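Chain and residue survey
Okay, here's what each chain looks like letter by letter:
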Amino acid sequence: MIGPLASNILLALVWMGLTGSFTGTNLFIGLVLGYLILGSALRDQPGFATYASKIPKAIRFIGFFIKELIRSNLKVAYDVLTPTYYMKPGVIAFPLEARTDGEITVVANLISLTPGTLSLDVSSDRKVLYIHVMYLEDEESVIESIRYMEYRALEVLR
């Protein structure tokens, strides 16, 4: 049996196929329609209630991540465009709260998508993620900001 998220994505893709429009806007409309269909069909299922509670968290996370992307892009662009060299590159060992392969992959990719950071490797025990950081002025503040992003992502995933 597929879960509510997979069902919602499948319904959105069916919607896009039926309308013949493969745009981001149409995907969003398909996701909303799929959510409404699933909401009426699965309203008594406990799995859907969990899924429904994650939607606002996912929307808040997307807004948070876009804000982080813009902030990081501006910081890197400023450093590239100005003559002063602000970079202090380094590699940090980030202790992971994520435990499953899927959670670790999502967290590592979110870190790599953010300009100025790049996930390098995961320890063999899957408890530490090694990250290259362009601006390592204060290691604790960098770890704290990455920890907050991981917390927000895991809030949606779990």
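Per an unreviewed UniProt entry, the protein chain goes by Multicomponent Na+:H+ antiporter subunit E and derives from Ectothiorhodospira marina. Under the UniProt heading Subcellular location (unreviewed entry), the note attached to the protein chain is "Cell membrane". You can read under Sequence similarities (unreviewed entry) in the UniProt record for the protein chain the words "Belongs to the CPA3 antiporters (TC 2.A.63) subunit E family."

This paragraph deals with the pattern of salt bridges. Working definition: two side chains of opposite charge can pair if their charged atoms are close together. Scanning the model with the defined rule gives four salt bridges in all. Glu 68 serves as the salt-bridge partner of Arg 71, at 2.7 Å between the closest nitrogen and oxygen. Of this pair, Arg 71 and Glu 68 both sit in helix 3 (residues 46-81), three residues apart, roughly one helical turn. The residue Glu 150 makes a salt bridge to Arg 147 at a minimum N-O spacing of 2.6 Å. Note that Glu 150 and Arg 147 are positioned in helix 5 (residues 139-157) at a spacing of three residues, about one turn of the helix. Overall, Glu 150 belongs to the buried group, its relative accessible area being 2%. In this structure Arg 147 comes out as partly exposed when scored by relative accessible area, which is 25%.

Interaxial distance between helix 2 (residues 24-41) and helix 3 falls to 11 Å at its minimum, and their mutual angle equals 145°. As helix 2 runs across helix 3, the sense of the crossing is left-handed. Contact with helix 2, carried on its side by Tyr 35, Leu 38 and Gly 39, involves Phe 48, Tyr 51, Ala 52 and Ile 55 of helix 3 and no other residues of that element. Split by residue class, the contact of helix 2 with helix 3 holds six nonpolar, one polar and no charged.

What counts as what
- Residues numbered from 1 in each chain as written.
- Predicted model: local features only at pLDDT ≥ 70, side-chain atom pairs only at ≥ 80, totals over all residues.
- Heavy atoms only, no water.
- UniProt positions renumbered as here; feature names shortened; annotations may be inferred.
- Salt bridge = Lys/Arg side-chain N within 4 Å of Asp/Glu carboxyl O.
- Helix = DSSP H or I, 4+ residues; strand = E, 2+ residues; numbered from the N terminus.
- Buried < 20%, exposed > 50% of the residue type's maximum accessible area, 1.4 Å probe, protein only.
- Axes fitted to C-alpha atoms, helices over the stretch in contact; angles between N-to-C directions.
- Left-handed = near helix turned anticlockwise from the far one by under 90°.
- Contact = heavy atoms within 4.5 Å.
- Nonpolar A, V, L, I, M, F, W, Y, C, P; charged D, E, K, R; others polar.

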